[in-house]
Amino acid sequence: MATRYDVLMRLMLVGDTGVGKTCIICQYAENQFNPIHVTTIGVDFKLKIADIRGKTVKMQIWDTAGQERFEAITKQFYRRAMGVVLVFDICSRSSFESLAKWLLYVKEFSQPETKVIMLGNQCDREAQRQVSIAVAQKFAEENNLRYYETSAKDPGSLDKPFMELCEEILVQEDKASGDLSGHLDMNNSSRSAPIDLSQPAVQRQDSADTQMEKGEGELPARRGWCCGYL
């Protein structure tokens, strides 16, 4: 039986290949850590249920390919994401320098209200650090982002960024619902013209897309690996 939930939240991890996006998702969603992964092709996703602000939230967390040849595929998912997580490896200066590109994609292809945070992964490898906390924090502040340092080996380091991102989205959704409710009440009290319901509804997504949107299915995965293919 499918788990009941109050809110479906679509989150998306983006960043260069090899920064640990798949490891982060597998650890957070399934409490699994495998240091060796087949490179993600296209987009994969995992599901996570959590209680946030008194609501049962079903997180659909998208794992995107970091290679340039897959960017045309992953760009299609930006507009549907409610939250985006920018990921870089603190032991790779080049992955940090690529954040500007990934942030540009978020701004270009996502909805204006999409929430964005920034993760510096592999904080357990301090001796190999190439990006200081101060430098990373400065980039985050300049772009109005919350910055967290995480390790896919430590599930405790992943709870805070995902929970706070979801809380921020919920607050925004609640505010939007309240503003809409107040707007409708004002319209009713002033007896303004009713909403025109004669306009055609948006057509349904095809069945495969609808299944993924609802988080009711799993994408095929290669046997022996925790991360799959699309």
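The shown structure was predicted, so the numbers you read here are calculated from the model rather than taken from an experiment.

Looking now at helix α5 (residues 133-142). Buried residues of α5: Ala136, Phe139 and Ala140, and no others. Burial along α5 is one-sided: seen end-on, the buried residues are contained in an arc of 100°. Relative to its buried face, α5 has exposed residues pointing more than 90 degrees away, namely Ala134, Lys138, Glu141 and Glu142. Next to the buried residues of α5 lie β4 (83-89), α3 (93-97), α4 (99-109), β5 (115-121) and β6 (146-149). Asn144 lies just past α5 and shows a positive phi near 60°.

Here we take up the nonpolar core. Counting 27 residues, the largest nonpolar core has Met9, Leu11 and Phe162 as the members making the most contacts within it. The element contributing the most residues to this core is helix α6 (residues 156-189), with six residues. Apart from the residues lying within four places of it in its own chain, the contact partners of Phe162 are Leu11, Leu13, Ile24, Tyr28, Ile61 and Val85. Within the second largest apolar cluster, 26 residues are counted, among which are Phe45, Phe77, Ala136 and Ala140.

The rules behind the values
Residues numbered from 1 in each chain as written. Predicted model: local features only at pLDDT ≥ 70, side-chain atom pairs only at ≥ 80, totals over all residues. Heavy atoms only, no water. Buried < 20%, exposed > 50% of the residue type's maximum accessible area, 1.4 Å probe, protein only. Helix = DSSP H or I, 4+ residues; strand = E, 2+ residues; numbered from the N terminus. Arc of directions from axis to C-beta. Contact = heavy atoms within 4.5 Å. Core = buried A, V, L, I, M, F, W, Y, C linked by side-chain atoms within 4.5 Å.

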